[in-house]
Amino acid sequence: MENVLKLSEDGKTILGLYDKGVESITIPYGVTSIGKRAFDDCSSLKSVTLPDSVTSIGDYAFYYCTALKTVAFEANSQLKFFGNFVFVGDESLESVYIPDGVTEFGTCPFYQLENVTVSVLEDSAAYNYALKEKLQMTVRPAPVRVIDSGACGENAMWEMWSDGVLKILGAGTMGAGIAQAFAAKGYEVILRDIKDEF
């Protein structure tokens, strides 16, 4: 691949291609940036795979790659930024998976791509961007995560998960302190007496 890709001196930025007739490219790990106009007018390029080390895609990076159908991101992508007019003229492109960590978008990365559908994480910067730009989208559910936690006894703690599940971890006496801890955090607390009826 090194004989096809033009790399910056430090090997971290793709500057272009030596062979614009290539149909498929897998960017090597360690590259952190796809430079401005890196794949400009590569009309034979059909697929690109980006490693998780890439954090930004520069302006016009895939400008008029008319045969481009697939842009794949490796798992755990660190991508944060899409530049200006990244995919303009990519008429074969039907869908783009936008990694969860993307927080910044330049001007119209998907300009005039009426048939493209973006896959975005629920309630993410990409989701808000797709809504604002009226892009066709599929929405991936947000992963379940701990949204709050605290102590509720000598040897116990609680965790509130984003799906509404409360987990109590540890052992020992909790007492009424858990109700007070939740109320102090702003959660609604409903206490009920439970009788042993076995």
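Residues numbered from 1 in each chain as written. Predicted model: local features only at pLDDT ≥ 70, side-chain atom pairs only at ≥ 80, totals over all residues. Heavy atoms only, no water.

Draft legend 1. Quick peek at the sheet that holds strand 10 (residues 104–105). The strand order across the open sheet built from 6 strands is 1-2-4-6-8-10, with neighbouring strands paired in mixed fashion. Two strands in the sheet have a free side with no partner beyond their single neighbour: strand 1 (5–7) and strand 10. Bridge count between strand 4 (residues 33–34) and strand 6 (residues 56–57): 2 bridges; the pairing is parallel. Its bridge partner lying in strand 6, S33 is registered against S56. (Pairing = 2+ DSSP bridges. Helix = DSSP H or I, 4+ residues; strand = E, 2+ residues; numbered from the N terminus.)

Draft legend 2. Spatial organisation of unusual backbone geometry. Phi angles above zero are rare outside glycine, and R37 is one such case at about 60°. One can find R37 in the loop between strand 4 and strand 5 (47–50). Overall, R37 belongs to the partly exposed group, its relative accessible area being 35%. Even without a glycine there, the phi angle at Y60 is positive, about 55°. Relative to the helices and strands, Y60 is located in the loop between strand 6 and strand 7 (70–73). (Buried < 20%, exposed > 50% of the residue type's maximum accessible area, 1.4 Å probe, protein only.)

Draft legend 3. A look at the environment of L113. Mapped onto the elements of the fold, L113 is located in the loop between strand 10 and strand 11 (117–121). Taking the relative accessible area as the measure of exposure, L113 reaches 12% and is therefore buried. Sequence separation between L113 and V88 is 25 residues; the distance between their C-alpha atoms is 7.3 Å. Setting aside its immediate chain neighbours within four residues, L113 contacts F87, G89, D90, E91 and L93. (Contact = heavy atoms within 4.5 Å.)

Draft legend 4. Expanded view of the pairing of strand 12 (residues 136–140). Relative to strand 12, strand 11 runs parallel, the two being bridged by 5 bridges. Opposite V120, over in strand 12, you have V139 as the bridge partner. Of the crossover connections in this fold, the one passing from strand 11 over helix 1 (residues 125–133) to the parallel strand 12 is right-handed. (Right-handed = clockwise from strand over helix to strand, strands pointing away.)

Draft legend 5. Spatial organisation of the side chain of D52. Mapped onto the fold, D52 is located in the loop between strand 5 and strand 6. Of the side chains with opposite charge, K80 lies nearest to the buried D52, which makes no salt bridge, at 12 Å. Here D52 is in contact with Y29, E74, A75, N76, S77 and Q78, once residues within four sequence places are set aside. (Lys, Arg positive; Asp, Glu negative; His and termini not counted. Salt bridge = Lys/Arg side-chain N within 4 Å of Asp/Glu carboxyl O.)

Draft legend 6. Region of the structure containing helix 1. Of all the residues in helix 1, the buried ones are A126, Y129 and A130. The buried residues of helix 1 all sit within an arc of 100° when viewed along its axis, so they share a single face. Immediately downstream of helix 1, the backbone of K134 shows phi near 60°, a positive value. (Arc of directions from axis to C-beta.)

Draft legend 7. Structural detail: the packing of aromatic side chains. This structure, assessed with the given rule, holds 11 aromatic pairs. On the basis of an interplanar angle of 5° and a centroid distance of 5.8 Å, the ring pair of F82 and F105 is categorised as stacked. In this pair, F82 is assigned in strand 8 (residues 81–82) and F105 in strand 10, connecting sequence segments 23 residues apart. Using a relative accessible area of 0% as the deciding quantity, one classes F82 as buried. An aromatic cluster is present here, built from F39, F62, F82, F87, F105, F110 and Y129 joined pairwise through their rings. Against the face of Y63 rests R37, its NZ or CZ located 5.1 Å from the ring centre. Against the face of Y97 rests R140, its NZ or CZ located 3.9 Å from the ring centre. (Phe/Tyr/Trp six-rings, centres within 6.5 Å; stacked < 30°, edge-to-face > 60°. Lys NZ or Arg CZ within 6 Å of the ring centre and 35° of its normal.)

Draft legend 8. Summary view of the sheet that holds strand 3 (residues 24–26). If you trace the 3 strands from one edge of the open sheet to the other, you get 3-5-7, paired in parallel fashion. Only two strands of the sheet have a single neighbouring strand rather than two, namely strand 3 and strand 7. With strand direction ignored, the average angle separating the axes of adjacent strands in the sheet is 5°. Two elements, strand 3 and strand 5, share 3 bridges in a ladder whose sense is parallel. Of the residues in strand 5, the one forming a bridge with T26 is T49. (Axes fitted to C-alpha atoms, helices over the stretch in contact; angles between N-to-C directions.)

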